[in-house]
Amino acid sequence: MEQPGKWHRAALLSDIENDDVVGVTVGEQGEHEVAIYKLGGKCYATADRCTHQTARLSDGLVIDDFIECPLHQGRFHIPTGSARSAPVSTPIRTYPTKVEDGVVYVLVEDLRFE
Amino acid sequence: MKELDELVKIREQIIPRSQLKRLAKRNNYAGLGFLAFHLSLIAGTGWVVHQAMGTWWIVPAIFLHGAMLATLFAPLHETSHGTAFRTVWLNEAVLWLCALIYIFPPKWFRYHHAFHHTYTQIRRRDSAMVLPRPITLMQYLVYVSGLTVWRRNLKYLFSHALGRIDPAEHEYAPADQYPALVREARIMVAIYAGIAALAVTYGSWAPVIYWLLPRIVGESYARWIRIAEHTGCDEGSDPRANTRTTLTNPFIRTLWWNMPYHAEHHLCAFVPFHALGKFHEQVHDKLAVSNGGYLKVHLELFRRFIRLRHGVQVN
Ligand code: FES
């Protein structure tokens with residue numbers, strides 16, 4: 001089934017170090033803050049703002065397949081977005097990704113779908 | 001969030017993320033080494049208490065042992081940040097062990113402390129603001145005695161165990177976590193009740209002599225250290241001015257798991273304790289650093305903020 005939304009060009013694959021994260025904004029007006037991860041050569045994307053107190057996850061640390069929030073060290077599982085350790089308890093949103101010609105794309109629902 | 005944006009902006013000016021990422025690497029060895037050192041010292045001072053039994057030496061021995069127990073605040077704090085060990089279960093196990101001995105519910109500590117990091121030195125928001133100025137001598141002495149802290153900590157433990165989270169503290173944790181907070185307090189109370197039952201059954205005073213009494217009198221030492229972290233620093237969210245690093249000798253630094261590098265810790269809490277020394281070398285000229293040890297910080301506070309008995313404000 002086709003997912004609603006639009007593929008947005010987010011980053012160059014070569015700009016993301018392995019086991020690291022970068023923050024980007026995508027959407028017609030750059031309204032979506034997205035964190036793009038490269039784990040073992042595979043790309044993932046989640047919302048960039050922590051669900052606890054809105055710190056930017058792309059400033060945080062990738063540990064195995066978790067992103068640790070830079071402010072209070074709450075952790076989210078990158079592939080699923082689930083919250084794994086206090087003080088975070090609400091999951092973060094995840095987005096589908098694809099890589100074409102060395103460019104990472106994320107599928108983001110436009111605001112009118114939300 | 002204004003406070004957070006300011007912290008991030010200043011951090012980016014002080015140190016690039018690539019450098020922080022290198023410092024933030026986790027391992028288990030440093031934590032295990034510090035823990036072994038720490039627990040050996042506690043065992044040692046426990047032995048001193050045992051040897052002093054029946055003599056007047058028991059009084060200083062209990063204080064010494066209590067001071068060592070109070071330093072468990074350091075691993076409690078580091079594990080609450082999740083930065084003490086790379087392995088999560090090890091981090092959580094040590095967090096629970098320290099929380100049980102220190103008598104502070106661990107998950108609640110995490111939430112409470114997270115709020116302190118967000119609103120450091122913001123009056124009426126900072127959950128752990130120590131002695132906002134002007135300080136009187138009496139306030140200082142009461143705080144250092146640890147009595148007010150005991151009242152607060154025991155209130156957390158027992159009111160949570162009874163299923164009550166104080167409405168004034170609702171903002172520290174999301175409502176979906178209240179059941180977990182109540183559960184952890186009940187587990188702690190059940191463990192303490194078990195220890196009490198065993199002590200009564202066997203007619204043993206050991207938990208009182210080796211744990212409760214030293215823990216109560218030793219809290220002063222933790223308060224003495226905690227005062228140096230922020231008290232007298234600027235109010236506001238600038239981490240260069242709202243937190244103080246206190247340079248001290250390697251023994252005290254190790255005992256407190258490098259917490260004396262407190263300004264560095266507040267600048268970037270995901271740098272683990274074992275990398276704070278290196279972090280300090282890279283950023284110390286941008287932060288508030290006191291270089292004469294804890295005594296100097298306290299004397300300075302006396303000079304600047306404490307209204308002495310004759311009512312003259314020395315400042
Ligand atoms: S803001 Fe992310 S854990 Fe608090």
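Up top is the structure.
Here is what the cut-offs are and how they apply
- Residues numbered from 1 in each chain as written.
- Chains lettered and ligands numbered in written order.
- Predicted model: local features only at pLDDT ≥ 70, side-chain atom pairs only at ≥ 80, totals over all residues.
- Heavy atoms only, no water.
- Helix = DSSP H or I, 4+ residues; strand = E, 2+ residues; numbered from the N terminus.
- Rg over C-alpha atoms; globule rule 2.2 N^0.38 Å.
- Buried < 20%, exposed > 50% of the residue type's maximum accessible area, 1.4 Å probe, protein only.
- Contact = heavy atoms within 4.5 Å.
- Areas by Shrake-Rupley, 256 points an atom, 1.4 Å probe, with all protein chains shown as cover.
- Lys, Arg positive; Asp, Glu negative; His and termini not counted.
- Charge placed at Lys NZ, Arg CZ, Asp CG, Glu CD.
- Buried area = accessible area lost by both parts, 1.4 Å probe.
- Salt bridge = Lys/Arg side-chain N within 4 Å of Asp/Glu carboxyl O.
- Polar contact = N/O pair within 3.5 Å; in protein donor to acceptor, adjacent residues only side chain to side chain.
- Patch = residues over 30% accessible without salt bridge, like charges linked within 9 Å, V, L, I, M, F, W, Y side chains within 5 Å.
- Core = buried A, V, L, I, M, F, W, Y, C linked by side-chain atoms within 4.5 Å.

*Asks:* Explanation requested: the overall build of chain A in the structure shown.
*Replies:* Looking only at helices and strands, chain A features zero helices and eleven strands. Across chain A, helices and strands are ordered from the amino to the carboxyl terminus as β-β-β-β-β-β-β-β-β-β-β. For 114 residues, the compact-globule estimate of 2.2 N^0.38 gives 13 Å, and the C-alpha radius of gyration of chain A, at 13 Å, lies within 12% of that figure. Each of the three principal axes of chain A carries a C-alpha extent, and together these read 35 × 30 × 25 Å. When burial is assessed residue by residue, chain A has 51% of its 114 residues classed as buried. Expressed as a percentage of contacts within chain A between residues at least 6 apart in sequence, the contacts between residues at least 24 apart total 41%. In the structure as shown, chain A presents an accessible area of about 5200 Å², 46% of it carried by carbon and sulfur atoms. Once the 11 positive and 18 negative side-chain charges of chain A are each reduced to a mean point, those two points are 2 Å apart.

*Asks:* Just checking my understanding: could you explain the interface of chain B and chain A for this structure?
*Replies:* Facing 28 residues of chain B, the contacting portion of chain A comprises 22 residues. In total, about 2100 Å² of surface goes out of reach between chain B and chain A, with carbon and sulfur atoms giving 49% of it. When residues of chain B are sorted by the area they lose upon contact with chain A, Leu4(B), Arg17(B) and Phe270(B) head the list and together hold 25% of the total. Run the count over chain B and chain A and you get five salt bridges. Run the count over chain B and chain A and you get twelve residue pairs in polar contact (both at pLDDT 80 or more). Those elements giving two or more residues to the side of chain B that touches chain A turn out to be helix H1 (2-14), helix H2 (17-23) and helix H7 (106-118) of chain B. Among the elements that line the side of chain B that touches chain A, the one with the most residues is H7(B), at seven residues.

*Asks:* What is the right way to look at the side chain of His77(A) in this model?
*Replies:* All names here are of chain A. With respect to the secondary-structure elements, His77 resides in strand S7 (residues 75-77). Of the residues examined, His77 reaches a relative accessible area of 12% and is grouped as buried. There is a polar contact of 3.4 Å between the side chain of His77 and the side chain of Asp65. The residues contacting His77, other than those within four sequence positions of it, are Asp65, Phe66, Ser82 and Arg84.

*Asks:* How do you make sense of a nonpolar patch on the surface when you look at a structure like this?
*Replies:* A contiguous nonpolar patch, built from Trp205(B), Val208(B), Leu212(B), Leu213(B) and Ile216(B) and spanning about 460 Å² of accessible area, is present on the exposed surface. Relative to the helices and strands, Leu213(B) resides in helix H11 (residues 206-230).

*Asks:* Help me out: how do you make sense of the environment of Pro4(A) in this one?
*Replies:* All names here are of chain A. Note on placement: Pro4 falls in the segment before strand S1 (6-12). Relative accessible area serves as the criterion here: at 44%, Pro4 is assigned to the partly exposed category. In this structure the C-alpha to C-alpha distance between Pro4 and Glu109, which are 105 residues apart in sequence, comes to 6.1 Å.

*Asks:* Can you help me understand the environment of Leu147(B) in this one?
*Replies:* Along the chain, the position of Leu147(B) falls in helix H9 (residues 147-161). Along the primary structure Leu147(B) and Arg226(B) are separated by 79 residues, whereas in three dimensions their C-alpha atoms are 14 Å apart.

*Asks:* Mind showing me how you'd approach the nonpolar core here?
*Replies:* Buried together is how nonpolar side chains tend to be arranged in soluble globular proteins. Residue and element names in this part refer to chain B. Within the largest apolar cluster, 66 residues are counted, with the highest numbers of intra-cluster contacts made by Leu76, Ile227 and Trp256. For this core, the element with the most residues is helix H6 (residues 88-102), which contributes seven residues. Contact partners of Leu76, with chain neighbours within four places excluded, come to Leu95, Cys98, Ala99, Tyr102 and Phe109.

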